[in-house]
Amino acid sequence: MSAGALTVVARWQPVDGKLGDVLAIVAEMRPKSLAEPGCLSYEAYRGVDQPHTLLLVEQYRDEAALEAHKQSEHYQSLVVGRALALLADRQVEVLRPR
């Protein structure tokens with residue numbers, strides 16, 4: 001990973017009964033994000049001990065690539081337009097390598 005690359009770690013807690021809907025959104029979001037020129041990786045994980053918790057780990061080439069991701073049509077429609085309303089909790093960290 002280059003020195004300017006950023007890693008985004010997002011922990012999503014779907015509202016009770018909405019896990020399947022959120023998983024479907026993530027499944028739709030992943031290939032669209034990976035098709036972005038600045039997206040280096042996009043992985044989704046479910047907790048072993050907390051299977052209703054999702055962890056998204058994404059890497060972007062630089063801050064401009066992350067901003068382009070957040071402004072993309074698919075992010076705006078799928079995450080902002082659909083997923084956020086289905087989450088009881090959402091925590092996002094943006095990390096830079098040392």
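Since this is a predicted model, take the numbers as computed values, not measurements. (Residues numbered from 1 in each chain as written. Predicted model: local features only at pLDDT ≥ 70, side-chain atom pairs only at ≥ 80, totals over all residues. Heavy atoms only, no water.)

**Student:** Tell me about the nonpolar core, and name the residues and values.
**Tutor:** In terms of nonpolar packing, the biggest core is built from 22 residues, with Trp12, Val22 and Tyr60 touching the most fellow members. Elements supplying a minimum of two residues to this core: strand S1 (6-14), helix H1 (19-34), strand S2 (39-46), strand S3 (54-60), helix H2 (63-71) and helix H3 (73-83). Top element by residues in this core is H1. It accounts for five residues. Not counting chain neighbours up to four residues away, the residues in contact with tryptophan 12 comprise Val22, Val26, His52, Thr53, Leu54, Leu56, Val79, Ala83, Leu87, Asp89 and Arg90. (Core = buried A, V, L, I, M, F, W, Y, C linked by side-chain atoms within 4.5 Å. Buried < 20%, exposed > 50% of the residue type's maximum accessible area, 1.4 Å probe, protein only. Helix = DSSP H or I, 4+ residues; strand = E, 2+ residues; numbered from the N terminus. Contact = heavy atoms within 4.5 Å.)

**Student:** Explain the layout of surface pockets to me, and be specific about the residues and the numbers.
**Tutor:** Quantified by volume, the largest pocket comes out at close to 180 Å³. As for the largest pocket, its lining consists of 15 residues, of which Val8, Glu58, Tyr75, Arg90 and Val92 are closest to the centre. Among the secondary structure elements, those contributing two or more residues to the lining of the largest pocket are S1, S3, H2, H3 and strand S4 (87-95). Looking at the lining of the largest pocket residue by residue, the classes come out as 11 nonpolar, one polar and three charged. (1 Å grid on protein atoms, 1.4 Å probe; cavity = no way out; pocket = protein on both sides within 12 Å on 5 of 7 lines; lining within 4 Å. Points joined across faces, edges and corners; volume = space filled by probe spheres on them. Nonpolar A, V, L, I, M, F, W, Y, C, P; charged D, E, K, R; others polar.)

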